[in-house]
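Below, each chain spelled out in residue letters.
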Amino acid sequence: VHPRLTVLFSVTNGKGDYDVTLRVEHETSGEPIAELGGPFRVESPLAISDINVELRNLVFKAPGGKYWVQVIADGEIAAQRPFWVKLAATQPEGS
């Protein structure tokens, strides 16, 4: 379990109402480990909205590997970025 992952993304060059989803998924299986979303309104193509999302207690089922953070607008991937998960070495108690 990873205690916290913070994602910042910007929305620009749009106008109107969108159904926006933020998804974190494993590259190989495509299985989402986190997903949240809802309606989002953009008033002007010149408007810039920075959205900061904090995801808590993520469970990475594979001990390591490549994952994607995706921003999906109206069912289409608008942006995505890869990141890699590595199993951290644990230290014995008292070290």
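Scroll up a little and you will see the structure.
Reference entry: report on the structure contained in this document. Keep in mind the model is a prediction, meaning the values are calculated, not measured.

1. Things to note about the pattern of salt bridges
Thought 1: This structure, assessed with the given rule, holds 6 salt bridges.
Thought 2: Arg23 is the salt-bridge partner of Glu35, the closest N and O atoms lying 2.5 Å from each other. With Glu35 in strand 3 (residues 32–42) and Arg23 in strand 2 (residues 16–26), this residue pair connects regions lying 12 residues apart in the sequence.
Thought 3: Among the ionic pairs, Arg56 bridges to Glu54, the shortest N-O distance being 2.6 Å.
Thought 4: You can call Arg56 exposed: its relative accessible area is 56%.
Thought 5: Residue classification places Glu54 among the partly exposed positions, given a relative accessible area of 39%.
Thought 6: Residues joined by salt bridges that share partners form a network here, namely Arg4, Glu54 and Arg56.

2. A word on the sheet that holds strand 5 (residues 65–73)
Thought 1: Strand order in this open sheet of 4 strands is 3-2-5-6, and the pairing throughout is antiparallel. In this open sheet, the two strands that pair with only one neighbour each are strand 3 and strand 6 (76–85). Each strand of the sheet is rotated relative to its neighbour by a mean of 15°, with strand direction disregarded.

3. Quick notes on the pairing of strand 5
Thought 1: Pairing analysis gives 7 bridges linking strand 2 to strand 5, with the strands arranged antiparallel. In the strand pairing of strand 5, Arg23 is matched with Gln70.
Thought 2: Bridge count between strand 5 and strand 6: 9 bridges; the pairing is antiparallel. What sits directly across from Trp68, in strand 6, is Pro82.
Thought 3: Where strand 5 folds back onto strand 6 in an antiparallel hairpin, the turn is made up of 2 residues, including Asp74, whose phi is positive at roughly 50°.

Reading the values: the criteria
- Residues numbered from 1 in each chain as written.
- Predicted model: local features only at pLDDT ≥ 70, side-chain atom pairs only at ≥ 80, totals over all residues.
- Heavy atoms only, no water.
- Salt bridge = Lys/Arg side-chain N within 4 Å of Asp/Glu carboxyl O.
- Helix = DSSP H or I, 4+ residues; strand = E, 2+ residues; numbered from the N terminus.
- Buried < 20%, exposed > 50% of the residue type's maximum accessible area, 1.4 Å probe, protein only.
- Pairing = 2+ DSSP bridges.
- Axes fitted to C-alpha atoms, helices over the stretch in contact; angles between N-to-C directions.

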